[in-house]
Amino acid sequence: MEARASRPPSFSVSVGGGGGFGGARGDDSAFSFLSKGWREVRDSATADLRLMRARADSLRTLADRELEHLLASASASAPPPPQPLAAGAPIAELEFVRTRIQPKISELRRRYASQERELGRRVLEGWAPRGAGGPARARVDLSGITAIRNAIVSEAGVGERWRRAAWSGEAEADEGKEWEVVRMIRDGIKEFERRSQTSEIFEGLRSTGEFVEKFKSSLKSFNMESQESKEVPPLDVTEILANLVRQSEPFLDQLGIRKDQCDRLVEALYRKQNHSLSEDTSLLENANSSDELDLRIASVLQSTGYRADDGFWSEPAKYEVSDNKRHVAIVTTASLPWMTGTAVNPLFRAAYLAKGTKQDVTLVVPWLCKSDQELVYPNSMTFSSPEEQETYIRNWLEERLGFESNFKISFYPGKFSKERRSIIPAGDTSQFIPSREADIAILEEPEHLNWYHHGKRWTDKFNHVVGVVHTNYLEYIKREKNGAFQAFLVKHINNWVTRAYCDKVLRLSAATQDLPKSIVCNVHGVNPKFLKIGEKITADRESGEPSFSKGAYFLGKMVWAKGYRELIDLMAKHKSDLEGFKLDVYGSGEDSQEVQSTARKLDLSLNFFKGRDHADNSLHGYKVFINPSISDVLCTATAEALAMGKFVICAEHPSNEFFMSFPNCLTYKTSEEFVVRVKEAMDREPQPLTPEQRYNLSWEAATERFMEYSDLDKVLNNEVVQSGQAGTRNKMRRTSQPNLSDIMDGGLALAHRCLTGSEVLRLATGAIPGTRDYDKQHCVDMGLLPPQVQQPVYGW
């Protein structure tokens, strides 16, 4: 192929004999070049003329429109003609405008158009080339422009003379009507301007008067408020002491003085006074002494002009609700396949809360390394990644729900404590919830989560924090060595952390410790699968088929604290009274060998089997479920047995108070009553559950109770948590005086953070070594950055 250089093209012009313009070919080229250039110039001039014409037309149209508008507005606003004129004068005047003025305008427009066309034609003819033999010559004929100029000047002169004559009164005799029309227009415009100015003046005066009256009334109201505020008497000594005691309740609680004792002391110190409060007296109709004291202090502070400003203890900026969707994070201390209450119940809570349209839900569960998984999860089950465990959790849940769950699952690092038989968080659990979703937090077992929590305060990061107490830790600790002393310490630590980290605490039953900000309510339901089993058993009974083919059983994790000690004591004490009665026991756990050997030594009629799911088909045929445990808070297995239509025999204990309303729940106070209840249950059939009883056991009802008692329904609706009069008083308290309780809570949180930051103190109180931060194995398993970076990223 021929190679070609890449360079710009070159042009050459021959000036000598063989080239240039000397030959015929050169003449043709020159003429073509000039012709082409002339056409381009002519086209450009034509475009310019068209543009000039368009602009002239637009100006002319605008002038015509303005003139017509002026004539129309003047005719409409002109006052009636003077009396000396004839009745037909207005018609004659309009006729004059139509016959004399409009024809002049039309004639002027017609002349302008004709002259414009003539000018364009002559210009184009002047620019056309004259011949092919030489250079073209152009000559512009300006006669058309001159004619247009003369016509415009002539018409303008006529118009100017007509205008001067009209406004000066020097019109000719035959143009008297023209003077009358113009005079009427002029007088009408002047009258209109005069009236407009007068109305604006009066409107301004009226507005000024209203402003002065409003200013005077505001001064009067301000003066009245000042007069009233001066009449509020100051606080007396007893009122100051009563307020000091009431605000010191958090500190007194740590010293063992209960809240009811503080309330009685406040009642004794504060006596109802006949002070004139600035607030509406309707607020005091149902108010107690504490509420009246709040209003009294607020009124005194208000009279002095005091207002509490944000200071050192003010809350930092939190998540702001920018859309209709709220975010709920459920943080728990256990996860499937560990079949414990803190693993199963939060899972169902997340599924049922996610059914709501106002909130997105995230379930945050602990991730254990393989060495800990082998100690916790049954049947040596292990997972190599959090994604694998999440798949197992979702599959387990889908088998038991009648709907598709729509919530997110995330993991935080955790370690298993053999001594406490529980999972302890490693690192700051709150940082595994991103700030963009830190709206509402539900802490399942808040005391457990915060024993060694060294991180951000939950109430600082979240708008609303709810704690749900699952476990009676004091009951478990009392069974250990030096249990009484340990229980005393743990009781105050639990008070400490729940007060510092929670806005509201829900206790499943009164068997738990009486914690600050707490209320007793069962917010747990049963797996829908158990309710279906109960419905099937009821249907079989109605059709005549046998309902139950087996006797009694007990199911629970095989550790002494789960009721096995009470069970063996009852069976051993009344072995002769329960002769022929056999009990099947299902469970696995750390104390399995010891429990079974003790039963064999006492020769008890107990048959032991490995632990299994309560919904297993092999358990459907049992008629009686026996649970003598008094360490539970609210036994899930008891609720499941009732849902399946079985008899339940349990101790008359606060942990079983919710179940006592069901007819199939048989309770006992003494061991002798236990024997009576066993024989009664074995001799008769349980009653079928009513629809209302089944609903009370369901997760739908439990979710409704949770929304109500945790104030979550009001938070999701952006309402004030305290409604009615209490909300008004609390709002006044927040805006009028500093809240010592909030300062106390903030101080407790700060002190707890400082103490848990010391590794020596952590180890001295029983923490797992190295749990202030997660370790390298957690980084590998969960894909986390090193603890020094403090940027956990898994799941977000």
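Since the model is a prediction, treat every value here as computed from it, not as a measurement. In this convention, every chain numbers its residues from 1, walking through the sequence in written order. Local features in this predicted model are restricted to residues whose pLDDT is 70 or higher, and side-chain atom pairs enter the listing and the counts only when it is 80 or higher, whereas totals over whole chains, interfaces and linings include all residues. Water and hydrogen atoms play no part in the side-chain values, which are based on all heavy atoms of the structure.

Peer 1: Please explain the confidence of the model for the protein as it appears in this structure.
Peer 2: Detailed conclusions should not be drawn from predicted coordinates in areas where pLDDT is low. When pLDDT is averaged across the protein, the result is 75; 64% of the residues are at 70 or more. Looking at any residue, its pLDDT shows the predictor's confidence there, from 0 to 100. In this description, contact between two residues means that some pair of their heavy atoms is separated by no more than 4.5 Å. Low pLDDT, under 50, characterises residues 1-27; the predicted model gives this stretch 6 contacts beyond four residues in sequence or across chains. Taken as a whole, residues 720-736 scores under 50 in pLDDT and shows 27 contacts with residues more than four places along the chain or in a different chain.

Peer 1: Explain the nonpolar core to me, please; I cannot follow it from the model alone.
Peer 2: Nonpolar side chains in soluble globular proteins tend to end up buried together. To form a nonpolar core, buried Ala, Val, Leu, Ile, Met, Phe, Trp, Tyr and Cys residues must be joined to one another through side-chain atoms within 4.5 Å. For every residue, the accessible area obtained with a 1.4 Å probe (protein chains only) is divided by the maximum for its type, and the residue is called buried under 20%, exposed over 50%, and partly exposed between those limits. With 130 residues, the main nonpolar core has Phe 407 and Ile 626 as its most contacted residues. A run of H or I in DSSP counts as a helix once it spans at least four residues, and a run of E counts as a strand once it spans at least two, with each numbered from the N terminus. The element contributing the most residues to this core is helix H9 (residues 341-353), with 8 residues. Excluding its chain neighbours within four sequence positions, the residues that come into contact with Phe 407 are Leu 347, Ala 350, Ala 351, Ala 354, Val 361, Leu 363, Arg 394 and Leu 397. Core analysis: the next-biggest nonpolar cluster, separate from the first, contains 7 residues, Leu 252, Cys 262, Leu 293 and Ile 297 among them.

Peer 1: How do you make sense of the pairing of strand S1 (residues 326-331) when you look at a structure like this?
Peer 2: Regular strands have side chains that alternate between both faces of the sheet. Counting buried residues in S1 gives 6 out of 6 residues, a clear majority hidden from the surface. Here S1 shows two buried faces, one formed by Arg 326, Val 328 and Ile 330 and the other by His 327, Ala 329 and Val 331. For two strands to pair, DSSP has to find at least two bridges joining them. Here S1 pairs with strand S2 (residues 359-367) via 6 bridges, running parallel. When the sheet's bridge partners are listed, Ile 330 is paired in S2 with Leu 363. Handedness of the crossover is the feature at issue here: the chain leaves S1, passes through H9, returns alongside S2, and the resulting connection is right-handed. Pairing between S1 and strand S5 (residues 440-444): 4 bridges, direction parallel. Among the inter-strand pairings, Val 328 is bridged to a residue of S5, identified as Ile 440. A crossover gets the label right-handed when its path from the first strand over the helix to the second runs clockwise, viewed with the strands pointing away from the viewer.

Peer 1: How should I be thinking about the side chain of His 574 in this particular structure?
Peer 2: Looking at the secondary structure, you find His 574 in the loop between helix H17 (564-573) and strand S10 (583-586). Assessed through its relative accessible area of 5%, His 574 is described here as buried. The term polar contact refers here to a pair of N or O atoms within 3.5 Å; inside protein, the definition further demands a hydrogen-donor-capable atom paired with an acceptor-capable atom, and it admits residues adjacent in sequence only when both atoms are side-chain atoms. Engagement of the side chain of His 574 in a polar contact is seen with the side chain of Asp 577, the distance being 3.0 Å. At 2.9 Å, the side chain of His 574 forms a polar contact with the side chain of Ser 671. Those residues in contact with His 574 that sit more than four places away from it in its chain are Ser 671, Glu 672 and Val 675.

Peer 1: Would you mind showing me how to read the pairing of strand S7 (residues 504-507) here?
Peer 2: In S7, alternate side chains face the same way, and those of Lys 504 and Leu 506 on one face and Val 505 and Arg 507 on the other are all buried. The sheet contact formed by strand S6 (residues 464-469) and S7 spans 4 bridges and is parallel. Looking at the pairing, Val 466 lines up with Lys 504 of S7.

Peer 1: How do you make sense of the sheet that holds S2 when you look at a structure like this?
Peer 2: Whenever strands of a sheet pair, they do so through backbone hydrogen bonds, lying parallel or antiparallel. Spatial ordering of the open sheet is given by S4-S3-S2-S1-S5-S6-S7-S8, a layout of 8 strands whose pairing is mixed. Every interior strand has two partners, whereas the edge strands, strand S4 (422-425) and strand S8 (518-520), have only one. Each strand of the sheet is rotated relative to its neighbour by a mean of 30 degrees, with strand direction disregarded. Bridging between S7 and S8 involves 3 bridges; their strand directions are parallel. By the bridge assignment for S8, Val 505 is matched with Ser 518. For helices, the fitted axis covers only the stretch in contact; all axes are lines through C-alpha atoms, and the angles between them, taken along N-to-C directions, range from 0 to 180 degrees. Sheet strands in contact with H9 are S1, S2, S5 and S6, and its direction is about 160 degrees off that of S2. Sheet contacts for helix H22 (residues 699-709): S5, S6, S7 and S8; angle to S7, the most-contacted strand, approximately 145 degrees.

Peer 1: Please clarify how the packing of H9 against H22 should be interpreted in this entry.
Peer 2: To characterise two packed helices, one gives the angle between the axes of the helices and the distance between these axes. Running from N to C, H9 and H22 cross one another at 80 degrees; their axes reach a closest spacing of 10 Å. If you check the angle between H9 and H22, you find them roughly perpendicular. Facing H9, whose interface residues are Asn 345, Phe 348, Arg 349, Tyr 352 and Leu 353, H22 presents Trp 699, Glu 700, Thr 703, Phe 706 and Met 707. Angle categories are assigned with fixed cut-offs, so that under 35 degrees is roughly parallel, over 145 is roughly antiparallel, 65 to 115 is roughly perpendicular, and the rest are oblique.

Peer 1: Where do I start with the packing of aromatic side chains in this structure?
Peer 2: Between two aromatic rings, the relevant description is the distance of the centres plus the angle of the planes. Aromatic rings from Phe, Tyr and Trp, taking only the six-membered ring of Trp, are treated as a pair when their centres fall within 6.5 Å; an angle between ring planes under 30 degrees marks them as stacked, one over 60 as edge-to-face, and anything in between as tilted. Within this structure, the stated rule accounts for 20 aromatic pairs. Each ring, one from Trp 451 and one from Tyr 473, has its centre 4.9 Å from the other, and the planes form 70 degrees; the classification is edge-to-face. With Trp 451 in the loop between helix H12 (446-450) and helix H13 (458-461) and Tyr 473 in helix H14 (residues 473-478), this pair connects stretches of sequence that are 22 residues apart. What makes Tyr 473 buried here is its relative accessible area of 12%. A ring is considered to have a charge above it if a Lys NZ or an Arg CZ atom is located within 6 Å of its centre and within 35 degrees of its normal. Its end group placed over the ring of Phe 706, Arg 349 keeps NZ or CZ at 5.0 Å from the ring centre. Seen from the ring of Phe 403, Lys 355 lies directly overhead, with NZ or CZ sitting 4.4 Å from the centre.

Peer 1: Quick question: what am I supposed to make of the pattern of salt bridges here?
Peer 2: When their charged atoms lie close together, side chains carrying opposite charge are able to pair. Salt bridges are counted wherever a side-chain nitrogen of Lys or Arg sits within 4 Å of a carboxyl oxygen of Asp or Glu. A complete count under the given rule lists 20 salt bridges for this structure. Two residues, Lys 504 and Asp 711, come together in a salt bridge whose shortest N-O distance is 3.0 Å. Placement of the pair is Lys 504 in strand S7 and Asp 711 in the loop between H22 and helix H23 (712-716), with a sequence separation of 207 residues. Given the relative accessible area of 19%, Lys 504 is considered buried. Where Lys 562 meets Asp 632, a salt bridge forms, and the shortest distance between an N and an O atom there is 3.5 Å. Of this pair, Lys 562 sits in the loop between strand S9 (550-555) and H17 while Asp 632 sits in the loop between strand S12 (622-627) and helix H19 (636-643), placing them 70 residues apart in sequence. Taken together, the shared-partner salt bridges in this structure form one network comprising Arg 421, Lys 557, Glu 590 and Asp 591.

Peer 1: In this structure, what is going on with the packing of H9 against helix H11 (residues 386-398)? I would like to understand it.
Peer 2: Packing of H9 against H11 leaves a shortest axis separation of 12 Å and a crossing angle of 75 degrees. When the axes of H9 and H11 are compared, the pair comes out roughly perpendicular. The segment H9 lies against H11, with Val 344, Leu 347, Phe 348 and Ala 351 engaging Ile 393, Trp 396 and Leu 397. Among the residues making up the contact of H9 with H11, the classes are represented as 7 nonpolar, no polar and no charged. For this scheme, ten residues count as nonpolar: Ala, Val, Leu, Ile, Met, Phe, Trp, Tyr, Cys and Pro. Four count as charged, namely Asp, Glu, Lys and Arg, and the remainder, Gly too, count as polar.

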